[in-house]
Structures are given as structure tokens and as C-alpha cells.
Amino acid sequence: MDDLVAGTVTERDAVEAAARALAAARRVVVATGAGMSQESGIPTFRDAVSGMWSRFDPDDLATPAAFARDPARVFGWYAWRRRLMRAAEPHTGYDALVALEALVPDVVVVTQNIDGLHRRAGSRRVVELHGSLDRFVCAGALHPYPAEAVPESAADGAVAPPVCPQCGALVRPAVVWFGEMLPETAVRAAWEAAARCDVMLVVGTSGLVYPAAALPQIAGDAGATVVEVNPEADEGSWPALIRCRGRAGVVLPALVERLRRHR
Ligand code: BJW
């Protein structure tokens, strides 16, 4: 491992170096973002061409003020995304993360995604930092509202949100919008796991949205090897950093296959 600690390992040897780090690890955190689901057909946010924010303004759709201003527009956008997510299937990168659990004693997946694909793939310990599109609450007292009772929409466009039967407030998706606090238990679980892990795999996130973007820093500062899986370079830099340039659906299965050879 000395070569990893001494400097950044890039490109050609990266998957092998990452597999060696995983072979020596007891605790692994996998921190995922929208890029993890890109190969399942769910658009990322910040891709210049296909990203959500290239077509939509986050201030109109992903803030409490946007929901207060135009609840039907926001609810309709999430109804469309819920359809996309239900039609999506976890790809082989998800299966690789499930397989990782048989090879490393302690694996925690911390995701910014709201699509539920890690759970559907079979990952056992999943922390959802930005909530889930499988859950709904009212915008008043956060009373839970059954997802089965949420209206489906056949077409894109506005959908009137249901009303909370307990307090009369409008129902909203249980996701975290800009300016909102992340769920406390999820934050605690993610921060504890990051501070204790030997390796953190950072998969498919631009690392621009806080506080989730701080997780690799926490792990790196605590001495973990940080492995980035992303077709693009980002700004992150840690003493032990391995950059695996490629898509999650390609790199993660290759990584787990290599790890098996080290076992
Ligand atoms: C692939 C791939 C493939 C492509 N394989 N990879 C400190 C500094 C500055 C600002 C702040 C700060 N602390 C807090 C803030 C404010 C704000 C923030 O971070 N703003 C920044 C944008 C500047 N944060 C917040 O408001 C958070 N709340 C908070 O901090 O509360 C305390 C507070 C309260 C009041 C005031 C201040 C503080 C909440 C953040 C909520 C984010 N919500 C969203 C939408 C909700 C859910 C949803 O609708 O889905 O979450 S925004 C959106 O961005 C979504 C994502 O989870 C999140 C992160 O995006 P992600 O996953 O990184 O996606 P992309 O598209 O950015 O990147 C994809 C990556 O994948 C790319 O790198 C590709 O290359 C790669 N890729 N194909 C592998 N096949």
C-alpha cells in the first residue's frame, strides 16, 4: 500500500490498486451519486447535455420555495421522475456492490440518489442522504403519506399534490431540497461510517453538493484510501487517492472480479 499513500494512482493500474486496497480493508463505504444510475437510464443532474439541470432550473423544482410557489409543477416533475425510476433496473455495477458484501466484512452504501436502486439490487446497508422517491410526507408537520395513494400521471406536466388527511397541508416527496436539512439519522450513520472506513469508493458524483460532498474528505482525513469511479475527473485530492476513470457499470464489476483474485 506504500505506493498508494505516496501519491495518486491513475488510469492503467487504478483498478488493480483499488482491488488491493479493498483486499486489505475491513470497512468500506460506497458513496454514490447520480452517475451510479446513469447506465440504468436515469439522467444525472449536471451533465451539460443530458443532465436534469440542463433542461430544468433547480430553483423552480428543488427548493421549498418552488413547491410553495407552484406545487403542481414540482409534484408533476417528481411524478415524471418516479415513472422513470420505476422503469429503471439496477445495472451490473449495482450487482457488483451487492457481491462486495461477501468479500469485505463491513460495507455501507451511502447514496445521494432517491431512486431506491441500491435497495432493489439487494445492498443490505443503504443510507439515503437525500431521501427517497418511494416515500411521501406532508409539507406541514411531515406526516407520512402512503405512496400507494399518490396519484400517478400518464403524461408529463403538472400534477396536483394530495392533501394530508391529518392537517390539510399539501403532500410532497420525502426528498431533500436545497436549503433543507438532511435526515439526522442518515447524516449520523454516514458520517460515522466515513470516519471509520478503510476504503471509500466514491462513485458517480460531481462532489458539488454539500454536505454529502464532504464525505470523501472525512474518510481521507481519517486515513482511508479514497477510490473515485467516474468517467470524468473531479477536483478531489486526498493523500491516498485512486482514480478509476470509467463508468460504474464497467469499473465496479471489474473491481470486484479483481478483488476475488486477491481473496
Ligand atoms: C458517472 C457516470 C457513470 C456520469 N458512472 N459516474 C457549503 C458550500 C456551498 C454551499 C453549501 C454548503 N453547504 C450547504 C450548501 C448549500 C447547498 C449546496 O450544496 N449547494 C451547492 C450546489 C453549492 N446544500 C444544501 O442546501 C443541502 N442542505 C443543507 O446543507 O442544509 C443545511 C443548510 C440549510 C440552509 C442553508 C444552508 C445550509 C441540501 C442539498 C439537497 C440536494 N438536493 C438535490 C435534489 C433533491 C433530490 C432529487 O430531486 O433527486 O439532490 S440537488 C441534486 O444534486 C440531487 C443530488 O443528490 C445532488 C448531487 O448530485 P450528484 O449526484 O453529484 O450528480 P451530478 O449530476 O452533479 O454528478 C454526476 C456525476 O456522475 C458526474 O461527476 C459525472 O461525471 C458522473 N457520471 N455517468 C459513473 N456511468
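Please read these numbers as outputs of a predicted model, since none were measured by experiment.

Asker: What is the right way to read the sheet that holds strand β8 (residues 225–229) from this model?
Answerer: Pairing between sheet strands relies on hydrogen bonds along the backbone, with the strands arranged either parallel or antiparallel. An order of β3-β2-β1-β7-β8-β9 is seen for the 6 strands of this open sheet, with the pairing classed as parallel. Two strands in the sheet have a free side with no partner beyond their single neighbour: β3 (126–128) and β9 (241–244). Adjacent strand axes in the sheet meet at a mean angle of 15° when their direction is disregarded. On top of the sheet, helix α8 (residues 92–100) reaches β1 (27–32), β2 (106–111) and β7 (199–203); it is set at about 160° to β1, its chief contact. Helix α12 (residues 248–262) rests against β7, β8 and β9 of the sheet, and its axis sits at about 155° to β7.

Asker: Where do I start with the environment of V199 in this structure?
Answerer: Inspection of the secondary structure puts V199 in strand β7. Ignoring sequence-local partners within four residues, the contact set of V199 consists of A21, L22, A25, R27, V28, V29, A224, T225 and V227.

Asker: For this particular structure, what's the right way to read the domain arrangement of the protein?
Answerer: The extent of an interface is frequently quoted as the accessible surface area lost upon association of the parts. Each assigned domain of the protein is listed here: domain 1 (1–40 + 90–130 + 182–263) and domain 2 (43–87 + 135–175). Of note, the centres of domain 1 and domain 2, computed from C-alpha atoms alone, are 29 Å apart. With 11 residues of domain 1 in contact, the opposing surface of domain 2 contributes 10 residues. Taking both sides of the interface into account, the surface hidden between domain 1 and domain 2 amounts to around 780 Å²; carbon and sulfur atoms contribute 65%. Our count for the domain 1 to domain 2 interface comes out at 1 salt bridge. The partner of E128 in a salt bridge is R135, and the shortest N-O contact between them spans 3.5 Å. One can count 2 residue pairs in polar contact (both at pLDDT 80 or more) joining domain 1 with domain 2.

Asker: I'm lost on the sheet that holds strand β5 (residues 144–145) in this one. Help?
Answerer: Across the sheet, 3 strands lie side by side as β5-β4-β6; this open sheet has antiparallel pairing. One side of each edge strand has no neighbouring strand; the edge strands of this open sheet are β5 and β6 (171–175). Relative to β5, strand β4 (residues 131–138) runs antiparallel, the two sharing 2 bridges. Following the sheet pairing, F136 is matched in β5 by Y145.

Asker: What should I look at first to understand the packing of aromatic side chains in this one?
Answerer: The geometry of an aromatic ring pair is captured by two quantities: the separation of the ring centres and the angle between the planes. Applying the stated criterion across every chain, the model contains 8 aromatic pairs. For the ring pair F56 and W80, a centre distance of 5.9 Å and an interplane angle of 55° mean the geometry is tilted. Of the two residues, F56 is situated in the loop between α4 (52–55) and α5 (58–61) and W80 in helix α7 (residues 71–87); the sequence distance between them amounts to 24 residues. We note that F56, like W80, is buried. A centroid spacing of 6.0 Å and a plane angle of 45° characterise the contact between F75 and F136, whose relative ring orientation is tilted. With F75 in helix α7 and F136 in strand β4, this pair connects stretches of sequence that are 61 residues apart. Note on accessibility: F75 and F136 belong to one class, buried. Taken together, the aromatic side chains of F45, W53, F56, F67, W77, Y78, W80 and W177 make up a single cluster linked through ring pairs. If you follow R81 out to its NZ or CZ, it ends over the ring of W77, 4.6 Å from the centre.

Asker: Could you clarify how one ought to interpret the site of the ligand in this entry?
Answerer: The immediate surroundings of the ligand are formed by 33 residues, with Y78, R81, G179, T205 and S206 found nearest. The separation between an oxygen atom of the ligand and a polar side-chain atom of R81 is 2.6 Å. Backbone polar atom of Q112 to an oxygen atom of the ligand: 3.1 Å apart, as the coordinates give it. Its free accessible area being 1,500 Å², the ligand has 75% of it covered by the protein chains. Given that more than half its atoms are within 2 Å of the pocket grid, the ligand belongs to the largest pocket. Mapped by element, the contributors of at least two residues to the shell around the ligand are α3 (35–38) and α7. A per-class count over the shell around the ligand returns 16 nonpolar, 11 polar and 6 charged. For the shell around the ligand, the two domains that each supply at least three residues are domain 1 (1–40 + 90–130 + 182–263) and domain 2 (43–87 + 135–175).

Calculation notes
Sequence order as written defines the numbering, with residues in each chain counted from 1. Given that this is a predicted model, residues contribute local features only at a pLDDT of at least 70 and side-chain atom pairs are listed and counted only at 80 or more, while totals for whole chains, interfaces and linings are drawn from all residues. By convention in this description, side-chain values take in all heavy atoms of the structure and omit both hydrogens and water. Pairing between two strands requires that DSSP report at least two bridges joining them. Segments assigned H or I by DSSP are reported as helices when at least four residues long, segments assigned E as strands when at least two residues long, and all are numbered from the N terminus. Fitted lines through C-alpha atoms serve as axes, helices being fitted only where they are in contact, and the angles separating the N-to-C directions of these axes extend from 0 to 180 degrees. Residues count as neighbours in contact if any of their non-hydrogen atoms are within 4.5 Å of one another. Where a domain begins and ends is set by an automatic assignment or by a domain database. Two parts placed together each lose some accessible area under a 1.4 Å probe, and the buried area is that loss summed for both. Salt bridges, as used here, are contacts in which a Lys or Arg side-chain nitrogen is within 4 Å of a carboxyl oxygen on Asp or Glu. N or O atoms within 3.5 Å of each other form a polar contact, as long as, within protein, one can give a hydrogen and the other can take it, and as long as residues adjacent in sequence are counted only when both atoms are side-chain atoms. Pairs were defined over the aromatic rings of Phe, Tyr and Trp, the Trp ring being its six-membered one, requiring ring centres within 6.5 Å. Orientation was assigned from the angle between planes: stacked under 30 degrees, edge-to-face over 60, tilted for the rest. Classification of residues uses two cut-offs on accessible area relative to the type maximum, computed with a 1.4 Å probe and protein chains only: under 20% is buried, over 50% is exposed, and between them is partly exposed. Counting as a charge over the ring demands two things of the Lys NZ or Arg CZ atom: a distance within 6 Å of the ring centre and an angle within 35 degrees of the ring normal. Only a single heavy atom is needed: when it lies within 4 Å of a molecule or strand, its residue is near that molecule or strand. Each accessible area is a Shrake-Rupley estimate made with a 1.4 Å probe; only the visible protein chains count as cover when residues are assessed. A 1.4 Å probe that fits into a set of points on a 1 Å grid over the protein atoms alone but cannot get out defines a cavity; an open set with protein on both sides within 12 Å along at least five of seven lines defines a pocket, and lining residues are those with an atom within 4 Å of a point. If over half the atoms of a molecule are within 2 Å of the grid points of a cavity or pocket, the molecule is regarded as sitting in it. Each residue gets one label: Ala, Val, Leu, Ile, Met, Phe, Trp, Tyr, Cys and Pro are nonpolar, Asp, Glu, Lys and Arg are charged, and the others, such as Gly, are polar.

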